[in-house]
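Observations on the model geometry
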Amino acid sequence: MKKQIRYIIIAGIILAVLIGALVFLLTMPNKEEENTSTSSDTTKTLIEQSTNNIERIEVDNSGGKYTLMGYGVKVESTVESSGETSTVTTTEMIFTMQNYDKYTIDADKANSLAYDCANLVASKTVNTNNNPDSDYGLDKPRATVTVGFSDGSEKTIKVGNEVPGGESAYVRMGDSDKIYVVALDSINSMLVEKLQMFDKTIFSSLNDDETLDLISISGSGRKSALKFERNSFSDISEYYMFSPMSTACDTDKIESLRDSTLFPLVADSVAAVDVKESELNKYNLDKPYYVLEAKTSMHSYKLLVSKPDKDKNCYIMLDGENIVYKVENSVIDFMSSDGSDLISKTIFSPNELKIDLAVISYGKIKDTYKLTHTVKKNNNGVDVTITEVKRENESVKADLLAKFMKNLSVLERTEKIPKYDEKSTPILSVSVTYTDDTTDTLEIYNGDKKAIVVLNGKAVGTTELETAEKLTNCAKSLATGSDFDSLVKDESETSDSSSKAAA
């Protein structure tokens, strides 16, 4: 009996402890209410205006003070409805920064700030119990924003600390004694620092009818320049690389570089504005690590880039401008390319319309072909190029020479190239001089098991000895004006290559 009473007493003690713990948890104050007496969960509209009514936005945050001035611009657009076309006029707000009107403002950031300043809603109202502003971060607000509207009214927003939980922040309107809880999405735009309000676009996207004509990258960060140009010297690609090697580019890779990396080229952040030439050394731009020159059919650019710092960031600026940006090195790592990632797998396929002279050698024989290109209008009034070919003053069919050049495109690059006797006489040599007097020379040498293909003095691939022999025989047939087989698989070209549209 005594043992049962003892168990009952122990159970009672345990129950009392559990009840005490439960009471403690239930009465423990909420983090948000530790410094408040009362709160209201009622949604309250703090500002309700049209962004078109904004005349100015004054911001003071961790990046300093700045003022955006708003201007309404009338924009006309065409609208089709029920088969009828009508013109609609709307007003768009354009913002400039006071004292910095020569720099373009980031439209997305400015519009976001304007919207938040004109449409501000609180999810909760907090009435303080004589608690200090420091409890809410409002003694030293992270941002103070004053908005002036066209009706003469003015609103001031003070942004304090984030509310525990990280989805909202404390806000005070002017000198009110009330503190509001506002979603972070509605006040993050007010925390954007002054420099980051400027547009970070270095190169814009190309227009539909705009072409990339030239890229040249030099500077102390390169052993030799990387340069390619749009000149249609090759049938493989419009683009031809002149340095660090002379060869045709891969069209898809150039287009990827153009559209995915360069145009547009957008910086991560703005480092400084109003930078003087004497201050370039602060950003290591007085002696650029890279200098990129780009030409399109509409614009020319010269870009200065610093050596990556310890955090793998680079400073970057357009020559002649006064704004310095910062980008991650990975954004511009193409500037260190040796060019091998941009060239075509096909070694050689010159465009006949760009050739002035072709010298083809095999054994002790050297055949020289002179090409003359004449632009004429056909019966439809379209310009076509007529090509005439002569070998030692004797006419040669232009389509035969074009066919021979096309056959050379069967030669492809390979990674491993065996040794060969560079001083030996090549099985076949083809040297072409283009219309701008530049020259490409293709040579095929005997190897132990395969023939070695050399372009402009550099071994770039191998081919079967049988293929080398076939190409040599094609050269011999060309010299006599005799037809020969096409070595290109699935060749679908049937038109007479002596008459082509002007390039």
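How each quantity is defined
Residues numbered from 1 in each chain as written. Predicted model: local features only at pLDDT ≥ 70, side-chain atom pairs only at ≥ 80, totals over all residues. Heavy atoms only, no water. Helix = DSSP H or I, 4+ residues; strand = E, 2+ residues; numbered from the N terminus. Contact = heavy atoms within 4.5 Å. Areas by Shrake-Rupley, 256 points an atom, 1.4 Å probe, with all protein chains shown as cover. pLDDT = per-residue confidence, 0-100. Pairing = 2+ DSSP bridges. Buried < 20%, exposed > 50% of the residue type's maximum accessible area, 1.4 Å probe, protein only. Salt bridge = Lys/Arg side-chain N within 4 Å of Asp/Glu carboxyl O. Expected span 1.5 Å × (residues − 1). Arc of directions from axis to C-beta. Polar contact = N/O pair within 3.5 Å; in protein donor to acceptor, adjacent residues only side chain to side chain. Phe/Tyr/Trp six-rings, centres within 6.5 Å; stacked < 30°, edge-to-face > 60°. Lys NZ or Arg CZ within 6 Å of the ring centre and 35° of its normal. Axes fitted to C-alpha atoms, helices over the stretch in contact; angles between N-to-C directions. Parallel < 35°, antiparallel > 145°, perpendicular 65-115°, else oblique. Patch = residues over 30% accessible without salt bridge, like charges linked within 9 Å, V, L, I, M, F, W, Y side chains within 5 Å.

Further remarks concern the overall build of the chain. Of regular secondary structure, the chain possesses 5 helices and 31 strands. Restricting to contacts in the chain with at least 6 residues of sequence separation, those with at least 24 account for 60%. A total accessible area of about 28100 Å² is found for the chain, and carbon and sulfur atoms account for 45% of it.

Note: predicted coordinates in regions of low pLDDT should not be interpreted at a detailed level. With 89% of its residues at a pLDDT of 70 or more, the chain has an overall mean of 89. Note on residues 1–9: pLDDT is under 50 here. Beyond four places in sequence and across chains, it has 0 contacts. The low-confidence segment residues 493–503, where pLDDT is below 50, has 25 contacts with residues more than four positions distant or belonging to other chains.

Before going further, it helps to spend a moment on the sheet that holds strand β21 (residues 313–318). Here we have 9 strands laid out as an open sheet, ordered β16-β15-β14-β13-β19-β20-β21-β22-β18, and antiparallel in their pairing. Each edge of the open sheet carries a strand with a single partner, namely β16 (247–248) and β18 (269–272). In this sheet, strand β14 (residues 226–230) lies alongside strand β13 (residues 212–218) in antiparallel orientation, the contact comprising 4 bridges. Within the sheet, the bridge partner assigned to S216 lies in β14 and is K227.

To continue, consider the side chain of N313. Structurally, N313 is set in strand β21. Given a relative accessible area of 18%, N313 falls into the buried group. If near-sequence neighbours (up to four positions away) are discounted, N313 is found in contact with K307, P308, K326, V327, E328 and N329.

P244 follows S243 through a cis peptide bond whose omega is 5°. The topology assignment puts P244 in the loop between β15 (239–243) and β16. The omega torsion of the bond from F263 to P264 falls at 15°, within 30 degrees of zero and hence cis. Relative to the assigned elements, P264 resides in the loop between α3 (251–262) and β17 (265–266). For N99, which is not glycine, the phi dihedral falls at a positive 75°. Here N99 shows up in the loop between β5 (84–97) and α2 (107–118). The class of N99 is exposed, set by a relative accessible area of 71%. Backbone geometry at E392 places phi at a positive 50°, although glycine is not the residue there.

Looking now at the pattern of salt bridges. Tallied over the entire structure, the rule returns 16 salt bridges. Two residues, R56 and E58, come together in a salt bridge whose shortest N-O distance is 2.9 Å. Overlapping salt bridges bring together R56, E58 and E154 as one network.

Another point: α3. With 12 residues, α3 should reach 16 Å at 1.5 Å per residue; the first-to-last C-alpha distance of 15 Å fits that figure. Buried within α3 are the following residues: I254, L257, R258 and L262. The buried residues of α3 all sit within an arc of 95° when viewed along its axis, so they share a single face. For α3, the exposed residues lying more than 90 degrees away from the buried face are D252 and S260. Of the surrounding elements, those touching the buried residues of α3 are β12 (201–203), β13, β14, β15, β17 and β19 (290–296). Regarding α3, its N-cap is D250, as a side-chain oxygen of that residue lies 3.0 Å from the backbone nitrogen of D252 further along.

By the bridge criterion, 14 bridges tie strand β4 (residues 64–81) to β5 in an arrangement that is antiparallel. Among the inter-strand pairings, G70 is bridged to a residue of β5, identified as F95. Hairpin geometry of β4 and β5 is characterised by an intervening segment of 2 residues between the two adjacent antiparallel strands and by a positive phi of about 55° at S82.

Time to look at the environment of F334. Within the secondary structure, F334 sits in the loop between β22 (324–328) and β23 (355–362). Along the chain, F334 and L226 lie 108 residues apart, while their C-alpha atoms are 9.9 Å from each other. Among all residues touching F334, those that are not within four sequence positions of it are I217, L226, L257, T261, L262 and L292.

Here the focus is the packing of aromatic side chains. In total, this model carries 15 aromatic pairs according to the counting rule given. Note on F203 and F263: the rings are 5.3 Å apart at their centroids and 20° apart in plane angle, and the pair reads as stacked. With F203 in strand β12 and F263 in the loop between α3 and β17, this pair connects stretches of sequence that are 60 residues apart. Exposure class is identical for F203 and F263. Each is buried. Pairwise contacts between aromatic rings join F233, Y240, F242 and Y434 into one cluster. Positioned above the aromatic ring of F484 is the side chain of K403, whose terminal nitrogen or guanidinium carbon lies 5.4 Å from the ring centre.

Relative placement of two packed helices is described by the angle separating their axes and the distance separating the axes. Contact geometry of helix α4 (residues 398–407) with helix α5 (residues 465–480) gives a least axis separation of 10 Å together with a crossing angle of 170°. As the angle between them shows, α4 and α5 are arranged roughly antiparallel. Listed contacts from α5 to L400, L401, F404 and N407 of α4 are L471, C474, A475 and L478.

In this model α5 runs 23 Å from its N-terminal to its C-terminal C-alpha over 16 residues, within 8% of the 22 Å that 1.5 Å per residue would give. G481 sits one or two positions beyond α5 and adopts a positive phi of about 80°.

A separate point is a nonpolar patch on the surface. Together, Y71, V73 and I94 line one region of the surface with nonpolar side chains, adding up to about 260 Å² of accessible area. Inspection of the secondary structure assignment puts I94 in strand β5. What makes I94 partly exposed here is its relative accessible area of 41%.

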